[in-house]
Structures are given as C-alpha cells and as structure tokens.
Amino acid sequence: MRRTVVPFAIAAVVVALAGCSGTAADQATSQDPPLIVFAAASLHGAFDDLADAFTAEHPSSAVAPVRYDGSQALAAQVIDGADVDVIAFANEKSLAPVVEAGRAADGEIFATNTLRIAVASGNPHRIADLDDLADPSLAVVLCSPEVPCGSAAQKLLERADVSVTPVSEETNVTSVLTRVADGEADAGLVYATDIAASAPDVDGIVPTGADAVVNRYPIAVAESAPSPEIARAFVDFVLSDAGQSILAAHGFESP
C-alpha cells in the first residue's frame, strides 16, 4: 500500500506546486513594464515625488528611475531612438525637433519657471542685480545658450542690456548651481525652483525683468512609447490637481 500512496502524494505536491507557480507567473505578468521618463535637470526632485505619487495611485505601474539631464541632451537621445515613454523638457524650443522627427506628439504645458541669480550664502560680493554680473572680477557661470536655462539667461541679459562673459557654460542648470554652491563661481543664473531646493549655502536674488522671461515646460508621450497607456496616465497625473500640487511644492508655477 505504501508503494501506491507515496507516488500519489508526490503527484499531489507537484500539482500543487505547479498551481502556485502558475499563480506567481500570472502575478508577474500583471505588473506593467517600468515607465521610462526623461526629464529636464531642473525637474529633479519634483519628478521623483511625482513618480512616487503616481506609483502609489497605480500599484501595478512602476516608474523606472527618472533620467535627468539638459533638455537639449535628452532631445538628442530621443531623436537617436532611445526607449522612452514620457518626455518633460524645460522649454518648448527643446521639444520642437523631437516632434519634427516624429518621435513625440505636441507637448502640453504643465509648469512655468523664472530665473534667479544664485550667489553664495550671505551674498559676500554684494550682488544686487544683473548689471553687477558684468564685473570682470566676478566668476559668473551660465548655462550654454543651446539649453533652456542658457537661452532664458541670454534673453534676460539682453533685455537688461547687460553683457556677461562667463567663466564656463554648463550643459544643464544643476551644474551651474553646483559650481556656485561649491565656491567655484561667484554667481550664476538658475531657476527659481533650483534656489528653492538648494542647500542653505546658496541664496537667490530676483533680477529685474525676471517675470518677463518665463520658461514654459512641455510634457509629451513618445510616439514609440513601450507603455503608451501608462505613459498617458502619467501625463494626466502630472496635469491633475494632485500633480500640480506637487510641482507647486517644489516652487513651480502653474501654466
């Protein structure tokens, strides 16, 4: 009798394990692929929080670590065929070539931002406005004119009729802020949101005419998005009241 009972018992265990294995597989396939998001460097922090909040509302829709960089650099990657679901840039000009290349639909504006003069805590050089940045004894850092923060800086300086010769031109706004914070530069032009999120060793000065030079941030679903439905849901979340509240907490203004 024992010879017949044991095989049946083993068979029962195998069937049970197979059933458990099938359940695990079903659970694995129910998880959506991680959403791939490219975002401008100035969105760091805000989009980390947006990704966490979105995942909390959509437990099966994980968001991969957001890729942050200058909008120009990210645009080149998208045009070159990088896998991406959602694109969020710091100005409309950076998105235009991506749309022209057929890699994304027209963007929707989800936030705005303006510039500030970043200086060391306590403002040791007593910088008061843009014209002070023309002092050749000061080490001033700007973003490259090709990227949104650089384009905005050039426009702001031109409106004020101020000529500045920077000691370096950075590829994203985070690099400008870091150089000022580390004492490698005396001043730089960054976004208001960067000052709001920066360490206490950096102060911000509102330059004359800042409100007249506004960066409008577009967000779009990539045309070849691996997860288009989830990508659309993420964009809708960013545009929602909940998403706008998160952006406001990081210093962004509404469109």
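Refer to the structure printed above.
Analysis parameters
Residues numbered from 1 in each chain as written. Predicted model: local features only at pLDDT ≥ 70, side-chain atom pairs only at ≥ 80, totals over all residues. Heavy atoms only, no water. Buried < 20%, exposed > 50% of the residue type's maximum accessible area, 1.4 Å probe, protein only. Helix = DSSP H or I, 4+ residues; strand = E, 2+ residues; numbered from the N terminus. Arc of directions from axis to C-beta. Contact = heavy atoms within 4.5 Å. Pairing = 2+ DSSP bridges. Polar contact = N/O pair within 3.5 Å; in protein donor to acceptor, adjacent residues only side chain to side chain.

Enquirer: Looking at this model, I keep getting lost on helix H3 (residues 71-79). Mind explaining?
Expert: Given 3.6 residues per turn, any residue in an α-helix points the same way as the ones three and four places further on. Along H3, the positions that sit buried rather than exposed are Ser71, Leu74, Ala75 and Val78. Looking straight down H3, one finds that the buried residues subtend no more than 105 degrees of arc, so they occupy a single side. Buried-residue contacts for H3 involve strand S1 (37-40), strand S2 (67-69), strand S3 (86-88), helix H4 (92-100) and helix H5 (148-159). Residue Gly81 follows H3 closely and has a positive phi angle near 105 degrees.

Enquirer: Got a minute to help me understand the pairing of strand S10 (residues 215-221) in this structure?
Expert: As a general feature of sheets, a regular strand has side chains that alternate between the two faces. Of all seven residues that make up S10, six are buried, and the element is covered over most of its length. Alignment of S3 against S10, held across three bridges, turns out to be antiparallel. The partner of Ala88 across the bridge, within S10, is Ile219. Note: strand S4 (residues 108-113) against S10, five bridges, orientation antiparallel. Note that in S10 the partner of Glu108 across the bridge is Ile219.

Enquirer: What is the right way to look at the side chain of Gln244 in this model?
Expert: Within the secondary structure, Gln244 is located in helix H9 (residues 241-249). Here Phe110 takes part through its backbone oxygen, which lies 3.0 Å from a polar atom of the side chain of Gln244. Not counting chain neighbours up to four residues away, the residues in contact with Gln244 comprise Phe110, Val238, Leu239, Ser254 and Pro255.

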